[in-house]
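Coordinate analysis (summary)
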Amino acid sequence: MFTNYRKLLCTLAAVGLFASTSLAGDFSGSFLTGYNGGLGFRVGGMASNFASGFPLALELSFGYTRLDPGSPEKARKIFINDATDGTPEKLGYAWDVQLDFLHRVKLLELRDAFVYVGVRRSMFTANFKFVGGNEFFDIQTDQWGVGAGLKASFPMASRLGFLMTLGVEHHFASALYGHDTTYGSDGETISGRNDYTYGDADAAINQPTFNFVGMLGLRFGF
């Protein structure tokens, strides 16, 4: 948990640095909420016209999404032990940072629309508790990914717009680790249990893979 907090602080610092160095061009901030594999929230900053002749805008954003973490019973067997006592509870979430390249397009009657493509870095945590069984543990994975889609803004007032985005994302398989056990996507296992493999761990834990994105929010111009 504390590892993800440190990653969060580094990400926020990167967002601040991006914003402070991009104000030479046109800059806007945004807040979005909606579906991103689960209920998600996102804040970001977009810069355009910051370099002469450069045709693309850049957007750096930071998000949090609640996700289904997977099977508590299978996770316990694969990462911890074969005990079955306790009432299972589960919580899944991911922090992520995204860098997108955007190109303005003319589509239908949309006056302020962009297509985008970019890279993602996701930090996913599956938290499991067996209440009454004295078993509490996290399974984590850090993944790279890619995404693409369409983003459009509709003016509401001076320097304020209604923002919507539709897209798709894919995150690449990565090592799953927790409780001193690691199952690597390359087949390497550290302190694994019995004859369980990465395939077993991946089937038990719902790390992000492919998902659709549909979010709404506000865009603030500066």
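Since the structure is predicted, the reported quantities are computational estimates derived from the model, not experimental observations.

1. Topic: the nonpolar core
- The biggest cluster of nonpolar side chains holds 18 residues, and the ones touching the most others in it are F79, F128, F137, I139, L176 and I205.
- For this core, the secondary structure elements donating two or more residues are helix 2 (72-79), strand 5 (110-131), strand 6 (135-157) and helix 3 (198-204).
- It is strand 5 that provides the largest number of residues to this core, a total of 4 residues.
- Excluding its chain neighbours within four sequence positions, the residues that come into contact with F137 are A75, R76, I80, A126, N127, F128 and F130.
- Counting 5 residues, the second-largest nonpolar core is a separate cluster that includes M46, A57, L102 and F114.

2. Some words on the packing of aromatic side chains
- All told, the structure shown has 7 aromatic pairs when counted by the stated rule.
- Centroid distance F62 to W95: 5.6 Å. Interplanar angle 20°. Geometry classified as stacked. Here W95 lies in strand 4 (residues 87-107) and F62 lies in strand 3 (residues 57-67), a separation of 33 residues in the sequence.
- Both rings, one in F154 and one in F162, keep their centres 6.3 Å apart while their planes meet at 35°; by these two values the pair is tilted.
- Exposure remark for F162: the relative accessible area of 32% places this residue in the partly exposed category.
- Pairwise contacts between aromatic rings join F62, Y64, Y93 and W95 into one cluster.
- Its end group placed over the ring of F130, R76 keeps NZ or CZ at 4.1 Å from the ring centre.
- Sitting above the plane of the Y116 ring, K151 keeps its charged end 5.4 Å from the centroid.

3. Here's the deal with the pattern of salt bridges
- Within this structure, the stated rule accounts for 9 salt bridges.
- A salt bridge links D82 to R193, with the nearest nitrogen and oxygen atoms 3.5 Å apart. Pair noted here: D82 is in the loop between helix 2 and strand 4 and R193 is in the loop between strand 10 (189-190) and helix 3, with a separation of 111 residues, a long-range link.
- For D82, a relative accessible area of 41% corresponds to the partly exposed category.

4. Concerning a nonpolar patch on the surface
- Judged by side-chain polarity, F31, L39, F41, V43, F154, M156, F162, L216, L218 and F220 come together as a nonpolar surface patch covering roughly 840 Å² of accessible area.
- Contributions of two or more residues to the nonpolar patch are made by strand 2 (39-48), strand 6 and strand 11 (210-221).
- Residue class for F154 comes out partly exposed when judged on its relative accessible area of 31%.

So, how was this worked out
- Residues numbered from 1 in each chain as written.
- Predicted model: local features only at pLDDT ≥ 70, side-chain atom pairs only at ≥ 80, totals over all residues.
- Heavy atoms only, no water.
- Core = buried A, V, L, I, M, F, W, Y, C linked by side-chain atoms within 4.5 Å.
- Buried < 20%, exposed > 50% of the residue type's maximum accessible area, 1.4 Å probe, protein only.
- Helix = DSSP H or I, 4+ residues; strand = E, 2+ residues; numbered from the N terminus.
- Contact = heavy atoms within 4.5 Å.
- Phe/Tyr/Trp six-rings, centres within 6.5 Å; stacked < 30°, edge-to-face > 60°.
- Lys NZ or Arg CZ within 6 Å of the ring centre and 35° of its normal.
- Salt bridge = Lys/Arg side-chain N within 4 Å of Asp/Glu carboxyl O.
- Patch = residues over 30% accessible without salt bridge, like charges linked within 9 Å, V, L, I, M, F, W, Y side chains within 5 Å.
- Areas by Shrake-Rupley, 256 points an atom, 1.4 Å probe, with all protein chains shown as cover.

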